[in-house]
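Commentary on secondary and tertiary structure
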Amino acid sequence: MQAKPNYSEFSEPQLVAIYDTVNCIDEYKDFYIELAKKLSATTIIDIGCGTGLLTYELSKQGHKLIAIEPSLAMIERTLERVYDSPIRFIHGGVENLDSLGALEETKTLNADLAIMTGHVAQFFLNDADWQAALSSIYKALKPGGHFAFECRNPVVQPWFKESAAIDATNHAAHIDWPSATNRRTVHDQTAGDVEWWAQLIAVNGNRVSYEIHYFFPGTGDKLISINELRFRDRNQLEKSLVDAGFVIEKVFGNWDFSLADSMSPEFIFVAGRA
Ligand SMILES: C[S@@+](CC[C@H](N)C(=O)[O-])C[C@H]1O[C@@H](n2cnc3c(N)ncnc32)[C@H](O)[C@@H]1O
């Protein structure tokens with residue numbers, strides 16, 4: 001029987017400690033900083049903020065941040081950082097936004113911008129949870145506010161890196177996950193070298209389960225995070241946003257603000273609350 005996802009990369013202390021080293025935000029940091037500036041966002045909700053690296057970068061730009069994260073180990077990590085301006089960190093998931101909004105005098109968090117970065121949206125495996133999340137985000141925004149997030153384009157199939165099925169001219173194919181025979185090594189200041197790679201477990205329609213293996217050569221420790229992600233296509237994402245009341249303003253295909261096409265590595269949505 002297939003093992004259930006445990007997402008231990010977000011909860012196991014040894015993995016949370018190296019999370020920022022393995023999962024660098026450099027690829028998308030500038031995009032979200034630029035977007036927040038373009039939208040003149042005062043208050044930003046960072047949903048699934050993880051260890052808070054981007055939260056921190058946005059707060060440095062002078063925005064007012066509310067950051068929400070369901071993993072206690074991850075949110076504890078955010079608190080180790082020193083921030084220039086106060087950030088409201090909340091331990092909880094997107095499903096807690098409604099109750100947080102209800103506590104406000106206006107009954108909404110009245111945010112100018114909500115973001116979900118690092119493919120948080122793909123962790124919503126079933127449609128009911130995703131639709132409920134969109135509805136909560138919609139309510140947490142002020143009229144005219146925006147929601148921005150990204151999902152990997154399903155055609156990218158990053159788990160099939162070594163498959164001959166990928167056409168070398170397919171410009172989406174450069175997005176790949178390292179494999180057992182092609183491990184990625186990063187150096188963490190505290191843990192030392194860390195080798196990591198992904199191993200596919202199964203592809204069930206648009207749900208992909210896989211293991212992330214971590215090897216610490218310094219200690220010989222081996223850890224595995226079992227994950228599952230949902231790969232929605234562009235039409236499914238657009239329909240879900242419209243059903244929640246959003247108006248889709250832009251769909252970018254990469255972090256350089258280029259518009260998405262069918263082979264773009266990412267679908268980066270910017271949707272507005274009417
Ligand atoms: C890949 S990490 C991305 C973290 C961070 N946003 C970044 O850019 O580095 C995905 C995060 O989504 C969080 N997450 C999972 N389910 C969630 C939910 N229902 N509501 C909010 N966050 C969730 C996880 O705990 C995890 O920290």
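Predicted, not measured: the structure shown is a model, and the values here were computed from it.

1. As for the sheet that holds strand β6 (residues 184-188)
- Strand order across the open sheet formed by 4 strands is β6-β7-β8-β9, with antiparallel pairing between neighbours. On the outer flanks of this sheet lie β6 and β9 (221-230), each paired with one strand and no other. The average undirected angle you get between the axes of adjacent strands in this sheet is 30 degrees.
- Bridge count for β6 against strand β7 (residues 192-204) is 5 bridges, and the pairing is antiparallel. The residue of β7 that forms the bridge with Arg 184 is Trp 196.

2. Brief notes about the domain arrangement of the protein
- As assigned here, the protein comprises domain 1 (8-153 + 231-273) and domain 2 (155-229).
- With centres defined by C-alpha atoms, the gap from domain 1 to domain 2 works out at 23 Å.
- Mapped by element, the contributors of at least two residues to the side of domain 1 that touches domain 2 are α1 (13-17) and α2 (19-22).
- Per element, the largest residue contribution to the side of domain 1 that touches domain 2 is 3 residues, and it comes from α1.

3. So, the packing of helix α3 (residues 26-38) against helix α4 (residues 53-60)
- Close contact between α3 and α4 brings their axes to 10 Å; oriented N to C, the two are set at 40 degrees. Judged on the interaxial angle alone, α4 and α3 are oblique. Seen from above, α3 lies across α4 with right-handed handedness. Contacts between α3 and α4 involve Lys 29, Tyr 32, Ile 33 and Ala 36 from the former and Leu 54, Glu 57 and Leu 58 from the latter.
- Split into classes, the residues belonging to the contact of α3 with α4 amount to 5 nonpolar, no polar and 2 charged.

4. A look at α3
- For α3, built from 13 residues, the straight-helix expectation of 18 Å at 1.5 Å per residue is met to within 8% by its first-to-last C-alpha distance of 19 Å.
- Those residues of α3 that fall on the buried side of the exposure criterion are Tyr 28, Tyr 32, Leu 35 and Ala 36. One side of α3 carries all its buried residues, which in axial view fall inside an arc of 95 degrees. In α3, the exposed residues that point more than 90 degrees away from the buried face are Asp 26 and Lys 38.
- Packed against the buried residues of α3 are β1 (43-47), α4, β4 (111-116), β5 (141-152) and β11 (266-273).
- One or two positions beyond α3, positive phi appears at Ser 40, with a value near 50 degrees.

Rules used throughout
Residues numbered from 1 in each chain as written. Predicted model: local features only at pLDDT ≥ 70, side-chain atom pairs only at ≥ 80, totals over all residues. Pairing = 2+ DSSP bridges. Helix = DSSP H or I, 4+ residues; strand = E, 2+ residues; numbered from the N terminus. Axes fitted to C-alpha atoms, helices over the stretch in contact; angles between N-to-C directions. Domains from an automatic or database assignment. Parallel < 35°, antiparallel > 145°, perpendicular 65-115°, else oblique. Left-handed = near helix turned anticlockwise from the far one by under 90°. Contact = placed C-beta atoms within 7 Å. Nonpolar A, V, L, I, M, F, W, Y, C, P; charged D, E, K, R; others polar. Expected span 1.5 Å × (residues − 1). Buried ≥ 20, exposed ≤ 12 C-beta atoms within 10 Å, placed from the backbone. Arc of directions from axis to C-beta.

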